[in-house]
Amino acid sequence: MLSSSRRAFAAAAWAVALTVAAGPASAQQVGRRDPGVATETQERQSEGQDNSFDWNWIGLVGLLGLAGLRRRPDYHHAI
């Protein structure tokens, strides 16, 4: 059985390997002369509409919520 530090290292190594194996993905072609149909986001940006909402805070709150799910060690105290 692997120790907890070796298990964490192995998990991190797998995560890096899978990320590298996936490679960069592009949904749109860069450098195309004909831009095609504008997306809703492009239309809003061209009209000057901006929500200015920082979505990163929602992700941080979610991570804080997940931190509470960590398994705590089982300590049995004699009463």
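This one's a predicted model, so the numbers in the text were calculated from it and none came from an experiment. (Residues numbered from 1 in each chain as written. Predicted model: local features only at pLDDT ≥ 70, side-chain atom pairs only at ≥ 80, totals over all residues. Heavy atoms only, no water.)

Novice: Sorry if this is basic, but what is going on with the overall build of the chain here?
Specialist: Secondary structure assignment for the chain yields three helices and zero strands. Across the chain, helices and strands are ordered from the amino to the carboxyl terminus as α-α-α. Every one of the 79 residues in the chain was classed for burial, and the buried ones make up 0%. In the structure as shown, the chain presents an accessible area of about 8,300 Å², 60% of it carried by carbon and sulfur atoms. (Helix = DSSP H or I, 4+ residues; strand = E, 2+ residues; numbered from the N terminus. Buried < 20%, exposed > 50% of the residue type's maximum accessible area, 1.4 Å probe, protein only. Areas by Shrake-Rupley, 256 points an atom, 1.4 Å probe, with all protein chains shown as cover.)

Novice: Quick question: what am I supposed to make of helix α1 (residues 4–22) here?
Specialist: Since there are 3.6 residues in each turn of an α-helix, residues three or four apart along the chain are aligned in direction. With 19 residues, α1 ought to run about 27 Å at 1.5 Å a step, and its terminal C-alpha atoms sit 27 Å apart, in line with that. Sparse coverage of α1 is indicated by the burial of zero of its 19 residues. (Expected span 1.5 Å × (residues − 1).)

Novice: What is the right way to look at helix α3 (residues 56–67) in this model?
Specialist: The first and last C-alpha atoms of α3 sit 17 Å apart over twelve residues, in line with the 16 Å expected at 1.5 Å per residue. Across the twelve residues of α3, zero count as buried, placing the element largely on the outside.

Novice: Honestly, a nonpolar patch on the surface in this entry has me stumped. Any pointers?
Specialist: Among the surface-exposed residues, Trp57, Leu60, Leu63, Leu66 and Leu69 lie close enough to one another that they form a single nonpolar patch of about 600 Å² accessible area. Within the fold, Leu69 resides in the segment after α3. For Leu69, a relative accessible area of 66% translates into the label exposed. (Patch = residues over 30% accessible without salt bridge, like charges linked within 9 Å, V, L, I, M, F, W, Y side chains within 5 Å. Salt bridge = Lys/Arg side-chain N within 4 Å of Asp/Glu carboxyl O.)

Novice: Please explain the confidence of the model for the chain as it appears in this structure.
Specialist: The predicted coordinates of low-pLDDT regions are not to be read in fine detail. In this model, the chain carries a mean pLDDT of 76, and residues with pLDDT of at least 70 account for 72%. Here helix α2 (residues 40–47) is the element of the chain with the lowest mean pLDDT, 78, and α3 is the one with the highest, 88. (pLDDT = per-residue confidence, 0-100.)

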